[in-house]
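# Per-entry structural report
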Amino acid sequence: MSVYDHTIAVARMCLYINDLFHLKLDEETLVRGALLHDFFLYDWHDKESWHRFHGFRHPYFALKNAKKQFPINEKCEDMIVKHMFPLNPFPPKYKESWVLCLADKICASKETIGRA
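Residues numbered from 1 in each chain as written. Predicted model: local features only at pLDDT ≥ 70, side-chain atom pairs only at ≥ 80, totals over all residues. Heavy atoms only, no water.

### Some words on helix H5 (residues 95-113)
Between its terminal C-alpha atoms H5 stretches 27 Å, which fits the 27 Å expected from 19 residues at 1.5 Å a residue. Those residues of H5 lying buried are Glu96, Ser97, Val99, Leu100, Cys101, Ala103, Asp104 and Cys107. (Helix = DSSP H or I, 4+ residues; strand = E, 2+ residues; numbered from the N terminus. Expected span 1.5 Å × (residues − 1). Buried < 20%, exposed > 50% of the residue type's maximum accessible area, 1.4 Å probe, protein only.)

As structure tokens, then:
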């Protein structure tokens, strides 16, 4: 699955979770964060030394790239940087960040077991 397809699936899952639980979240920020959470612009499968620790580092690459291209508010920044919790030890600050964290794990799990 491409990163593009993954981020579309994650954005849809974020909206589904928001609707399912009637969370009334900021949907524009929710979708923006979901679409940009993996905006790291390299193939982490390549055996490059700087790809080491991808799971820990890519949220920061994604945020840097996102800020260059789009207006990013504080919630969206938190969503991008914290979406790998608990791999990264800093917990999300906003409900939108928690929803992205959950949606990303649901989608990644489906993709890994082949039921995407």
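### Notes on the packing of aromatic side chains
Scanning all chains against the criterion turns up two aromatic pairs. With a centroid separation of 6.3 Å and an interplanar angle of 55°, the aromatic rings of Phe39 and Phe70 are classed as tilted. On the criterion of sequence distance, the pair formed by Phe39 in the loop between helix H2 (27-36) and helix H3 (54-69) and Phe70 in the loop between H3 and helix H4 (74-82) is long-range, its members being 31 residues apart. In this structure Phe39 comes out as partly exposed when scored by relative accessible area, which is 21%. (Phe/Tyr/Trp six-rings, centres within 6.5 Å; stacked < 30°, edge-to-face > 60°.)

### Points about the packing of helix H1 (residues 3-20) against H5
Here H1 crosses H5 at 125°, and the two axes come no closer than 8 Å. In terms of orientation, H1 and H5 fall into the oblique class. Handedness of the crossing formed by H1 with H5: right-handed. The residues of H5 that touch H1, namely those facing His6, Ala9, Val10, Met13, Cys14 and Ile17, are Val99, Leu100, Leu102, Ala103, Asp104, Ile106, Cys107, Ala108, Lys110 and Glu111. When the residues that make up the contact of H1 with H5 are grouped by side-chain class, the tally is twelve nonpolar, one polar and three charged. (Axes fitted to C-alpha atoms, helices over the stretch in contact; angles between N-to-C directions. Parallel < 35°, antiparallel > 145°, perpendicular 65-115°, else oblique. Left-handed = near helix turned anticlockwise from the far one by under 90°. Contact = heavy atoms within 4.5 Å. Nonpolar A, V, L, I, M, F, W, Y, C, P; charged D, E, K, R; others polar.)

### Focus on the side chain of Asp104
Mapped onto the elements of the fold, Asp104 is located in helix H5. Looking at Asp104, its side chain comes within polar contact range of the side chain of His37, at 3.1 Å. Residues in contact with Asp104, not counting those within four places in the same chain, are His6, Val10, His37, Asp38, His83 and Met84. (Polar contact = N/O pair within 3.5 Å; in protein donor to acceptor, adjacent residues only side chain to side chain.)

### Observations regarding the packing of H2 against H4
Two elements in contact, H2 and H4, have axes whose closest approach is 9 Å; the angle formed by their N-to-C orientations is 35°. Here H2 and H4 pass one another in a crossing that is right-handed. Packed against H2, whose contacting residues are Thr29, Leu30, Arg32, Gly33, Ala34 and Leu36, the element H4 presents Lys75, Cys76, Met79 and Ile80 at the interface. Among the residues forming the contact of H2 with H4, the class breakdown is six nonpolar, two polar and two charged.

### Considerations on the confidence of the model for the protein chain
Confidence along the protein chain averages 88 in pLDDT terms, with 84% of residues attaining 70 or more. The least confident element of the protein chain, judged by mean pLDDT, is H3 at 84; the most confident is H2 at 98. (pLDDT = per-residue confidence, 0-100.)

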